[in-house]
Amino acid sequence: VWLENSTEQLSENHVPEQKASDFVRLLCFLFCFAAAASYTDSSDDETSPRDKQQKNSKGNGDFCIKNIKQADFGRREIEIAEQEMPALMALRKRAQGEKPLAGAKVVGCTHITAQTAVLMETLSALGAQCRWAACNIYSTQNEVAAALAEGGFSVFAWKGESEDDFWWCIDRCVNVEGWQPNMILDDGGDLTHWIYKKYPNMFKKIKGIVEESVTGVHRLYQLSKAGKLCVPAMNVNDSVTKQKFDNLYCCRESILDGLKRTTDVMFGGKQVVVCGYGEVGKGCCAALKAMGSIVYVTEIDPICALQACMDGFRLVKLSEVIRQVDIVITCTGNKNVVVRDHLDRMKNSCIVCNMGHSNTEIDVASLRTPELTWERVRSQVDHVIWPDGKRVVLLAEGRLLNLSCSTVPTFVLSITATTQALALIELYNAPEGRYKQDVYLLPKKMDEYVASLHLLTFDAHLTELTDEQAKYLGLNKNGPFKPNYYRYSLKSALRFSLPRFYC
């Protein structure tokens, strides 16, 4: 209506009708563009958040984010996420009166997304004080960070941090006068590493660590083996609810989303090599196979390798297929999986990305040499150009693809977030002596409780054992239905010592 009225007014002033229409349409476009820019201006303002003085509506300035004015948008994102996180909302409602985390001071380092915000607000509702930084320099949703800061949370994170910013934000979470953490919630082990390195005396008051990634758990086991782990730690990554849902189903959906948003690639007929056939690799392979891709798998473990073969994938060494594949995906949790020799031999326009937590899987540092040219073609997409004109498409600079370049299914993250919350409650309230200075797995009863909370969404009805059946199996009718030594995850099972003659 506005377009028609404005065109008529311009025509009355002797402006040709077609020119008037074109002019007003241009104004409409610019208006819409400006409105969109006001929401996504995370990259427009070049001023570092560290150089800004920001306060929320209550006058609190104990945070460092991109733009506090985005808080309203972030609040809507959080409200949408709450609808898909039934277990956390149920936990918040059931335990709010008891305040099982009263007195807990949780310092966290995870991806700062709408789903994490629901977790943080749940922890707060259960009595905890929280300070938070991001575990990935590209995954922070700026509007969500703004909403958290407006809500009174001390958040130090923004999308596109430098390496120096990353460690500065972690330090601001930890090093604050009059506040000392007594619980750690980590994703990748960077926060735990920083406290060990800079503030080791803090561990005198810290009751426990909750870690959710392969990389972070590996670091914890290293500390434990060396006798340097000074507090109990809960390994959430190898819990059934994390391995079988977040790692598998989340990656099965988000791998395609991340690749589409960044490259617009068509998957049908493409040759793809997936490095690693753990739960993340299984999810990636299943999604790509369903889209018509020709999928190869690399694997070091013979059991995972056999699973890949029986699922219909060809097991290869990376060097055997590197010249012919169109896409290379790493998801091993290891380092130097794709090195400079592999990158030199890739075909033109090969896409390289990482689905593991750490940015060590692809040797990106080897590409920062004078003979190679880097060209940023869109957000999180770089063309690395060789002297002969060949280019490799590198996504998110080798960091986690799905959370850096797209979004992930909220419902699946609800499962992991609920597991993290219960792990914090368990460690914080455990009587002295229950947990020693070692790495523990979440009790199977808690795994099953998390799963049961999510079944309500599907209107699912569990079958109950009869007394006779329970006696026959030697189980309690209400669970747990698997013993604590039973593991759905191969990696966690292999952590138990093998007989010497197998080694």
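Everything numeric in this text was worked out from a predicted model, so none of it was measured. (Residues numbered from 1 in each chain as written. Predicted model: local features only at pLDDT ≥ 70, side-chain atom pairs only at ≥ 80, totals over all residues. Heavy atoms only, no water.)

(A) Local environment of helix 16 (residues 410-429). Between the first and last C-alpha of helix 16 there are 28 Å, a value that for 20 residues agrees with the 28 Å anticipated at 1.5 Å per step. Of all 20 residues making up helix 16, 19 are buried, and the element is well covered by its neighbours. (Helix = DSSP H or I, 4+ residues; strand = E, 2+ residues; numbered from the N terminus. Expected span 1.5 Å × (residues − 1). Buried < 20%, exposed > 50% of the residue type's maximum accessible area, 1.4 Å probe, protein only.)

(B) Focus on the sheet that holds strand 5 (residues 208-211). One open sheet accounts for seven strands, arranged 3-2-1-4-5-6-15; its pairing is parallel. Two strands bound the open sheet, and with one partner strand each, they are strand 3 (154-156) and strand 15 (439-441). Averaged over all pairs of adjacent strands, the angle between strand axes in this sheet comes to 20°, irrespective of strand direction. The sheet contact formed by strand 2 (residues 129-134) and strand 3 spans three bridges and is parallel. Opposite Arg131, over in strand 3, you have Ser154 as the bridge partner. Helix 5 (residues 114-125) contacts strand 1 (105-110), strand 2, strand 3 and strand 4 (183-186) of the sheet and is inclined by roughly 160° relative to strand 2. In this fold helix 9 (residues 214-225) packs onto strand 5, strand 6 (233-235) and strand 15, with an angle of close to 140° to the strand it touches most, strand 5. (Pairing = 2+ DSSP bridges. Axes fitted to C-alpha atoms, helices over the stretch in contact; angles between N-to-C directions. Contact = heavy atoms within 4.5 Å.)

(C) Local environment of unusual backbone geometry. In this chain, Gly479 is followed by Pro480 through a cis amide linkage whose omega measures 0°. With respect to the secondary-structure elements, Pro480 resides in the loop between helix 18 (467-473) and helix 19 (490-493). Even without glycine at this site, Gln380 takes up a positive phi of about 70°. On the accessibility criterion, Gln380 (7% relative accessible area) is buried. Unlike most non-glycine residues, Asp459 shows phi in positive territory, near 55°. The exposure class assigned to Asp459 is exposed, which follows from its relative accessible area of 56%.

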